[in-house]
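Here is how the chains run, residue by residue.
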Protein chains: 6
Amino acid sequence: MGPNVQTFIGCESSYDEADVVLFGAPFDSTASYRPGTRFASSAIRSESFGIETYSPYQRAALEDFKIFDGGDLDLPFGNAARVLDTIEAFCGKVHDEGKLPVMIGGEHLVTFGAVRAAASRYQDLRVMHFDAHCDLRRDYMGESLSHATVMRRVWDLLGDGRIYQFGIRSGAREEFEWAVSHVRTELYTIRSIDSCAEAACRYPVYITVDMDVIDPAEFPGTGTPEAGGVSFKDLLDALLSLKGLDIVGFDICELAPHYDSSGVSTAMACKLLREMLIAYS
Amino acid sequence: MGPNVQTFIGCESSYDEADVVLFGAPFDSTASYRPGTRFASSAIRSESFGIETYSPYQRAALEDFKIFDGGDLDLPFGNAARVLDTIEAFCGKVHDEGKLPVMIGGEHLVTFGAVRAAASRYQDLRVMHFDAHCDLRRDYMGESLSHATVMRRVWDLLGDGRIYQFGIRSGAREEFEWAVSHVRTELYTIRSIDSCAEAACRYPVYITVDMDVIDPAEFPGTGTPEAGGVSFKDLLDALLSLKGLDIVGFDICELAPHYDSSGVSTAMACKLLREMLIAYS
Amino acid sequence: MGPNVQTFIGCESSYDEADVVLFGAPFDSTASYRPGTRFASSAIRSESFGIETYSPYQRAALEDFKIFDGGDLDLPFGNAARVLDTIEAFCGKVHDEGKLPVMIGGEHLVTFGAVRAAASRYQDLRVMHFDAHCDLRRDYMGESLSHATVMRRVWDLLGDGRIYQFGIRSGAREEFEWAVSHVRTELYTIRSIDSCAEAACRYPVYITVDMDVIDPAEFPGTGTPEAGGVSFKDLLDALLSLKGLDIVGFDICELAPHYDSSGVSTAMACKLLREMLIAYS
Amino acid sequence: MGPNVQTFIGCESSYDEADVVLFGAPFDSTASYRPGTRFASSAIRSESFGIETYSPYQRAALEDFKIFDGGDLDLPFGNAARVLDTIEAFCGKVHDEGKLPVMIGGEHLVTFGAVRAAASRYQDLRVMHFDAHCDLRRDYMGESLSHATVMRRVWDLLGDGRIYQFGIRSGAREEFEWAVSHVRTELYTIRSIDSCAEAACRYPVYITVDMDVIDPAEFPGTGTPEAGGVSFKDLLDALLSLKGLDIVGFDICELAPHYDSSGVSTAMACKLLREMLIAYS
Amino acid sequence: MGPNVQTFIGCESSYDEADVVLFGAPFDSTASYRPGTRFASSAIRSESFGIETYSPYQRAALEDFKIFDGGDLDLPFGNAARVLDTIEAFCGKVHDEGKLPVMIGGEHLVTFGAVRAAASRYQDLRVMHFDAHCDLRRDYMGESLSHATVMRRVWDLLGDGRIYQFGIRSGAREEFEWAVSHVRTELYTIRSIDSCAEAACRYPVYITVDMDVIDPAEFPGTGTPEAGGVSFKDLLDALLSLKGLDIVGFDICELAPHYDSSGVSTAMACKLLREMLIAYS
Amino acid sequence: MGPNVQTFIGCESSYDEADVVLFGAPFDSTASYRPGTRFASSAIRSESFGIETYSPYQRAALEDFKIFDGGDLDLPFGNAARVLDTIEAFCGKVHDEGKLPVMIGGEHLVTFGAVRAAASRYQDLRVMHFDAHCDLRRDYMGESLSHATVMRRVWDLLGDGRIYQFGIRSGAREEFEWAVSHVRTELYTIRSIDSCAEAACRYPVYITVDMDVIDPAEFPGTGTPEAGGVSFKDLLDALLSLKGLDIVGFDICELAPHYDSSGVSTAMACKLLREMLIAYS
């Protein structure tokens with residue numbers, strides 16, 4: 001009789017046979033407003049059994065792919081630098097063994113660890129960034145590693161013109177002004193997805209979805225809800241349209257499940273993750 | 001001084017004078033994921049006093065009709081077969097006395113009892129089925145009577161081409177494949193409502209609304225929220241467009257009021273029920 | 001070392017230097033269904049630190065203006081007449097010192113106090129009224145001062161053709177029938193905003209937003225949620241289009257923060273208030 | 001087929017045959033802090049079906065008595081004087097027909113209406129008052145009719161030495177000082193219950209239980225929780241020890257069911273009400 | 001890299017090496033009032049990481065023992081007979097391999113399956129039953145297998161004088177009357193634990209704890225809270241005093257974690273389970 | 001017209017005239033389980049208006065003393081060392097100006113900052129520590145500054161025999177073993193308070209109350225509820241018995257208000273703080 005294994009629904013490969021490695025990064029220590037994203041990966045796994053493994057959108061099911069769910073990384077609360085090192089090392093190992101790393105955050109800062117692993121292995125990496133917030137501050141209350149600075153840190157690594165932002169609708173004045181000459185930012189919507197996909201089609205691509213890009217009416221389970229967002233349908237269409245790109249890693253971040261007691265946000269995150277796993281595997 | 005009668009707002013006829021008989025079927029024992037629909041009918045009655053009896057959409061009020069609210073059926077938890085018999089018997093009596101039965105579920109399985117009563121009295125019955133889920137499994141964990149099999153059981157009764165499904169966006173691969181040749185299924189939306197209404201216009205029609213057909217952003221109060229649904233406005237338009245058909249019974253199911261602590265879902269169910277009562281009475 | 005001052009984010013002028021005076025009116029004693037709007041102003045202030053002061057929509061920030069946040073008025077629960085007198089007196093003083101009064105309700109009845117102050121100082125006042133409910137009852141359970149009668153009381157003051165209603169979708173039959181010849185009422189939507197703005201452009205204007213005009217999917221934090229409302233985006237567009245009118249006062253009412261445990265409604269009220277303060281200051 | 005009658009469990013007599021008349025007074029307009037007691041009577045009725053009708057403490061069941069549940073009074077929100085008149089008139093009628101009135105509040109002010117009815121019919125009335133708060137203010141924010149003044153208003157009616165307070169642990173300094181020479185106040189506990197019962201045994205007695213006398217650990221569902229209260233067991237013992245007095249009316253007040261999402265407070269109120277009905281009928 | 005194993009904290013043996021086998025029985029279909037115990041075992045596992053593995057009460061830690069956590073049984077919702085067969089078969093296998101079965105319910109009916117397995121292997125079995133409710137009905141709404149009949153079904157199996165009940169404070173009159181001559185029932189408290197332990201000390205013993213025996217002030221997370229219960233400390237003392245008996249199986253039931261949003265009830269269940277595992281392993 | 005000052009009720013002195021300086025330290029980044037204590041000071045201030053300023057226990061009111069409420073310190077999330085420096089500097093300034101610092105946490109780690117300020121100014125400092133948890137780990141997941149290590153860090157500073165712990169009931173085996181020879185630890189209860197007070201009576205004393213020392217039945221609003229705690233009454237008695245010691249600073253920590261939606265925990269923290277302010281000012 002075997003132990004009680006808990007995975008995301010339909011992700012039942014072993015590590016060795018897997019093409020895709022799913023893992024959680026339950027870290028939220030730099031959250032400046034309302035913490036709680038540390039509970040996301042665990043909630044997503046247990047609520048995933050409320051959805052089907054089959055996608056009518058793509059006419060395919062999770063069982064059609066070889067996905068391993070490795071559980072959560074052990075991360076020391078309150079030490080962002082060590083947390084990022086741990087994530088980078090783990091993703092690096094996954095890359096080096098020819099598999100695709102897929103991360104469930106945690107606050108958005110965790111993306112920096114995953115991008116560092118990808119950027120050091122794939123030249124000319126592009127990042128597709130879906131978010132309500134710019135995340136482009138140089139520092140936040142004197143700290144350089146913060147959920148509010150994460151895309152600035154990614155820019156430090158990748159340089160101008162490599163980051164495509166969609167759905168942005170909140171930030172400081174300085175962030176918006178700085179963005180103009182350094183990143184490609186679409187305000188409010190994601191209509192430029194096709195031209196961005198075309199621009200990125202010859203490069204390796206990392207996709208990061210801060211779930212708060214979705215309108216809080218549809219996704220209230222997040223620490224900093226920002227009205228006026230994109231719809232689940234539009235986001236799903238956009239993400240499915242990226243199928244075929246050379247995607248070398250992706251993540252979903254910033255689900256804070258306790259803030260949505262109805263469970264709708266967690267269920268949506270499960271569904272989006274299913275669709276991304278099927279599309280990008 | 002009389003007793004404390006509790007009804008849905010504006011439904012104050014006696015049984016004898018009534019044309020329409022509203023009742024609750026508070027059963028949720030086969031719910032596989034999150035139970036709680038047993039509380040729907042009671043919540044709907046008590047929250048109905050937060051809406052008006054007048055509909056600006058139809059320029060009519062509930063008091064313009066003769067509706068009796070009979071309260072809830074006494075249903076034995078954990079015995080689905082007996083529950084369905086009880087519902088069928090009650091609806092049958094209502095039909096036989098020339099009144100229109102209107103049921104508030106409960107999990108979706110209760111619809112099977114109401115349809116059995118209608119099908120045995122009205123030849124060539126059509127069923128209009130609004131839902132996020134196919135509900136077309138042959139059986140579920142070895143049980144043939146389940147919320148996940150209810151439309152398959154209805155098909156057992158009615159046969160091919162009699163069931164029209166709208167808004168469907170979740171199911172197992174086998175369900176979708178089976179559906180192709182047995183029922184008429186519109187994925188995601190309800191745009192085919194006019195052509196379906198036309199097809200059904202010479203037949204008696206039963207309408208069943210699983211409230212989770214509505215997008216969980218608008219209706220979070222349900223056990224298995226499924227993103228990407230239809231809007232309240234679209235559903236209301238569709239339902240109002242069915243006015244004039246020979247509607248011999250209808251129900252709304254799967255409100256689980258406790259999962260939406262804001263009360264918005266219950267209020268929406270109240271409003272939808274008001275509109276359906278006014279349109280179909 | 002100074003005291004602990006609590007204001008809406010970015011509203012840090014002193015009273016004397018301010019052009020705009022923000023204040024709360026935490027009163028909800030006539031609420032007939034679910035009370036709780038008394039907590040709105042306090043919740044809005046403390047949650048405002050979850051949004052930015054900068055608006056990408058208007059490319060301006062709250063700090064660009066001189067706004068004083070005076071906290072909440074002291075209002076005696078259970079005495080509506082005294083409450084309205086207090087509000088009128090306060091707003092009158094603000095008007096008389098050449099500043100713009102901006103009120104956070106409270107139930108919608110508080111608007112009557114603010115409108116009395118404006119109407120006695122500005123001839124030919126127009127009122128722009130965004131709401132799900134008519135609020136046009138002559139009286140409510142025998143009381144003339146009620147959240148359900150507030151616009152009727154405003155009409156008593158201003159007369160025919162001075163009130164423009166938008167987004168209305170609930171009321172008694174009598175209200176809708178009375179409205180036809182006394183106020184300008186747009187059902188469900190706010191598409192007539194441009195023609196109304198044109199009609200009002202030579203007059204002083206008071207704007208009152210009952211937050212429940214927004215669809216409860218987006219704004220569940222209110223006592224009487226009414227499905228089928230306008231979107232935040234449409235409301236924001238409409239309100240921004242009124243920039244340039246001679247606005248002599250405005251308010252947002254009917255946030256009941258406890259009914260939306262996710263905090264999304266409060267965050268939306270904060271964002272809307274930021275946009276109105278920037279647009280109308 | 002009859003209408004859907006909703007009563008407290010086991011209270012199924014008609015008015016005419018009843019010895020006891022239970023009714024609700026859903027009023028909370030003067031609540032200064034957190035409203036919501038208006039929902040108490042409705043919650044108590046519907047949750048009463050989670051308890052048994054039989055009391056092992058008294059070896060008797062509710063069905064052994066003739067109790068009529070008349071539902072809730074229609075009370076105009078925001079007009080305390082009219083509310084008290086309505087309650088007094090109703091209780092008066094019940095008294096005059098030889099029945100025992102039993103009221104479910106509502107905020108504590110409603111007790112004043114019931115006591116007025118009793119005091120005008122029974123000479124030398126005594127009031128047993130269980131509460132965390134003195135409720136002895138002369139007025140509150142300028143209003144004489146308030147939850148915070150209710151026992152002072154009762155004293156206006158009855159005079160010195162007629163009010164026995166138990167469990168008191170909160171009030172203004174002036175209240176405690178005034179109390180010394182006008183009422184009999186036991187701080188924190190109810191150990192003086194026997195001597196008080198002895199003192200009151202030759203007089204008609206009205207019993208009023210502000211549920212917040214119970215420690216908020218056991219009874220969190222109240223607007224102003226005050227730590228350090230009495231236990232349910234101690235309160236039950238005390239109330240059962242009053243059996244045999246000439247009790248001419250009683251009430252339980254200040255349950256605010258929404259503040260205790262677990263339902264424990266409402267269930268406790270149901271159980272206490274069952275015990276009081278059995279003991280005093 | 002291994003799979004993501006989820007166990008109760010400190011229970012990390014393999015099945016083969018284990019002396020104790022912990023498992024969940026997530027079934028609640030016969031719940032007549034408020035369902036939700038199906039979520040207990042999953043909540044207990046994930047919240048167990050909020051407590052320590054070490055018990056200062058017993059000066060021992062879970063790691064000192066060989067305990068295997070086998071996860072949850074797959075149980076068909078809505079078919080109580082099949083559910084009990086599954087539990088009995090599983091427990092039987094555990095017994096037959098010389099290990100101690102420990103079950104996390106689920107509603108209390110699941111205990112019947114575990115007792116059947118024990119009773120068929122151990123002669124003269126005694127059952128220690130901690131509960132607020134008698135659970136001694138002959139049938140419930142016509143069903144013989146129900147949470148409300150479970151101890152009557154156990155009595156069918158074991159006969160008179162073998163069941164010791166503690167903390168009982170709710171039931172129908174008939175249950176209390178029947179109990180007198182068939183089981184040993186202590187009302188309200190557990191003071192007879194020592195004499196019962198002495199009476200049982202020569203027999204195999206099964207212990208079943210319906211968590212609602214604890215006062216709902218301390219343990220609100222249950223479907224039918226019943227005021228006036230025992231304290232956690234008293235229950236813990238009683239359970240620890242049974243150490244040394246020949247305990248052949250035990251369970252904790254009726255945690256409904258969603259009804260206590262603070263998580264206190266789940267944390268208490270975790271702590272109690274830790275203490276029982278340490279004491280009885 | 002002045003700004004909107006927000007203080008704890010009855011704390012209305014200016015800094016200059018004050019004898020006591022109250023402030024908040026809203027930090028929770030090292031919380032390993034459930035964060036949220038960052039919201040405590042703000043919740044305590046706003047809910048304090050639900051209690052009276054007068055204490056019947058001490059027959060005194062907050063207005064009888066000169067207390068300044070300075071609001072919250074600005075603390076950088078995710079940098080524990082900087083946070084402690086900020087707290088130490090602030091407390092030091094308060095000490096140096098002859099005032100008593102009183103801190104509202106935050107997680108328990110913040111106490112280390114306040115103790116450092118006191119220890120460097122008062123020789124032979126004693127610390128009275130009320131808590132459910134030892135907090136004596138040498139390090140936690142490799143970090144030396146953590147809520148789980150805070151009393152060990154205090155011991156680093158003060159040495160053996162200076163720390164008195166009360167109510168302790170959770171920790172790792174090593175903590176309990178280490179404690180024996182280094183600190184004075186009372187398990188479960190606070191009965192040794194008098195002898196400890198006697199032992200400490202010639203020394204300066206710092207008092208730190210981790211609110212989770214109270215039983216979670218009474219105080220559910222905390223991140224790591226631990227059953228079997230002390231009662232509010234016992235804790236209050238103990239704290240009042242310390243009046244007369246040379247208390248040079250005190251704090252209350254670990255209220256996580258969101259975990260107790262009833263507000264009872266926050267109200268209790270308010271009451272305890274009132275009593276401590278009155279007793280120690």
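These lines cover the structure that appears in this document, whether it is placed above or below. On a predicted model such as this, the values are computed, not experimentally measured, just so you know. (Residues numbered from 1 in each chain as written. Chains lettered and ligands numbered in written order. Predicted model: local features only at pLDDT ≥ 70, side-chain atom pairs only at ≥ 80, totals over all residues. Heavy atoms only, no water.)

Let us now look at the interface of chain F and chain D. Accessible area lost upon the coming together of the parts serves often as the stated size of an interface. Contact with chain F, which involves 24 residues of that partner, is made by 21 residues of chain D. The largest per-residue losses of area from chain F upon contact with chain D belong to E52(F), Y54(F) and P56(F), which jointly make up 28% of the total buried on that side. For the pair chain F and chain D, the interface holds three salt bridges. R137(D) is paired through a salt bridge with E52(F); the nearest N and O atoms lie 3.3 Å apart. On the surface where chain F and chain D come into contact, there are eight residue pairs in polar contact (both at pLDDT 80 or more). Elements represented by at least two residues in the side of chain F that touches chain D include exactly α1 (40-47), β3 (60-61), α7 (232-241) and α8 (264-280) of chain F. Here the element with the most residues in the side of chain F that touches chain D is α8(F); it accounts for four residues. Residues belonging to the side of chain F that touches chain D are distributed by class as follows: twelve nonpolar, five polar and seven charged. (Contact = heavy atoms within 4.5 Å. Buried area = accessible area lost by both parts, 1.4 Å probe. Salt bridge = Lys/Arg side-chain N within 4 Å of Asp/Glu carboxyl O. Polar contact = N/O pair within 3.5 Å; in protein donor to acceptor, adjacent residues only side chain to side chain. Helix = DSSP H or I, 4+ residues; strand = E, 2+ residues; numbered from the N terminus. Nonpolar A, V, L, I, M, F, W, Y, C, P; charged D, E, K, R; others polar.)

All names here are of chain D. Here the structure, examined in full by the defined rule, presents 90 salt bridges over all chains. For the salt bridge of R45 with D69, the shortest nitrogen-to-oxygen distance reads 2.8 Å. Note that R45 is positioned in helix α1 (residues 40-47) and D69 in strand β4 (residues 67-72), a separation of 24 residues in sequence. Classification of R45 as buried rests on a relative accessible area of 2%. (Buried < 20%, exposed > 50% of the residue type's maximum accessible area, 1.4 Å probe, protein only.)

Moving on, we come to the sheet that holds strand β6 (residues 126-130) of chain B. Residues and elements named next belong to chain B. The sheet built from eight strands is open, its strands ordered β4-β1-β5-β10-β9-β6-β7-β8 with parallel pairing. Bordering the open sheet on either side are β4 (67-72) and β8 (184-187), each of which pairs with just one other strand. With strand direction ignored, the average angle separating the axes of adjacent strands in the sheet is 15°. Strand direction decides the pairing type here: strand β9 (residues 204-210) and strand β10 (residues 246-253), joined by seven bridges, are parallel. In the sheet register, V209 faces β10, and the bridge partner there is I252. Those strands touched by helix α8 (residues 264-280) are β1 (20-25), β4, β5 (100-105), β9 and β10, and its axis lies near 175° from that of β10. (Pairing = 2+ DSSP bridges. Axes fitted to C-alpha atoms, helices over the stretch in contact; angles between N-to-C directions.)

All right, on to the side chain of R274(A) then. Residue and element names in this part refer to chain A. Summarising the element assignment, R274 is placed in helix α8 (residues 264-280). Only 2.9 Å separates the side chain of R274 from the backbone oxygen of E52, close enough to count as a polar contact. What R274 contacts, discounting residues up to four positions off in sequence, is F8, I51, E52, T53, Y54, S55, P56, Y57 and L62.

Put simply, the second copy of the chain is the first one after a rotation about an axis and a shift along it. Superposing chain F onto chain A takes a rotation of 180° plus a shift of 0.0 Å along the axis, which leaves an RMSD of 0.0 Å. Seen this way, the second copy is the image of the first under a two-fold rotation axis. A high fraction, 100%, of the interface residues of chain F reappear at the interface in chain A, so the copies pair face to face through one surface. (Least-squares fit on C-alpha atoms with pLDDT ≥ 70 in both.)

Here we take up the sheet that holds strand β7 (residues 163-168) of chain C. Residue and element names in this part refer to chain C. Spatially, eight strands are ordered β4-β1-β5-β10-β9-β6-β7-β8 in an open sheet, and the strand pairing comes out parallel. Edge strands, defined here as strands with exactly one partner in the open sheet, are β4 (67-72) and β8 (184-187). Going from strand to strand, the sheet's axes swing by 15° on average, the running direction of each strand aside.

Glancing now at the relation of the copies chain F and chain D. In screw terms, the move from chain F to chain D is a rotation of 120° and a rise of 0.0 Å along the axis, fitting with an RMSD of 0.0 Å. Each copy turns onto its partner about a three-fold axis. Of every C-alpha in chain F, the one belonging to A217(F) sits nearest the axis of rotation, 3.2 Å from it. Here only 8% of the contact residues of chain F are again contact residues in chain D; the copies associate through non-equivalent surfaces.

What follows covers the state of the cysteines. Overall, the coordinates contain zero disulfides over all chains when judged by the stated rule. Unpaired in this structure, C196(B) has its nearest cysteine sulfur neighbour in C201(B), at a distance of 12 Å. Counting only cysteine sulfurs, C196(E) is the nearest neighbor of C134(E), a cysteine outside any disulfide, at a range of 15 Å. Judged by its relative accessible area of 1%, C134(E) falls in the buried class. (Disulfide = S-S within 2.5 Å.)

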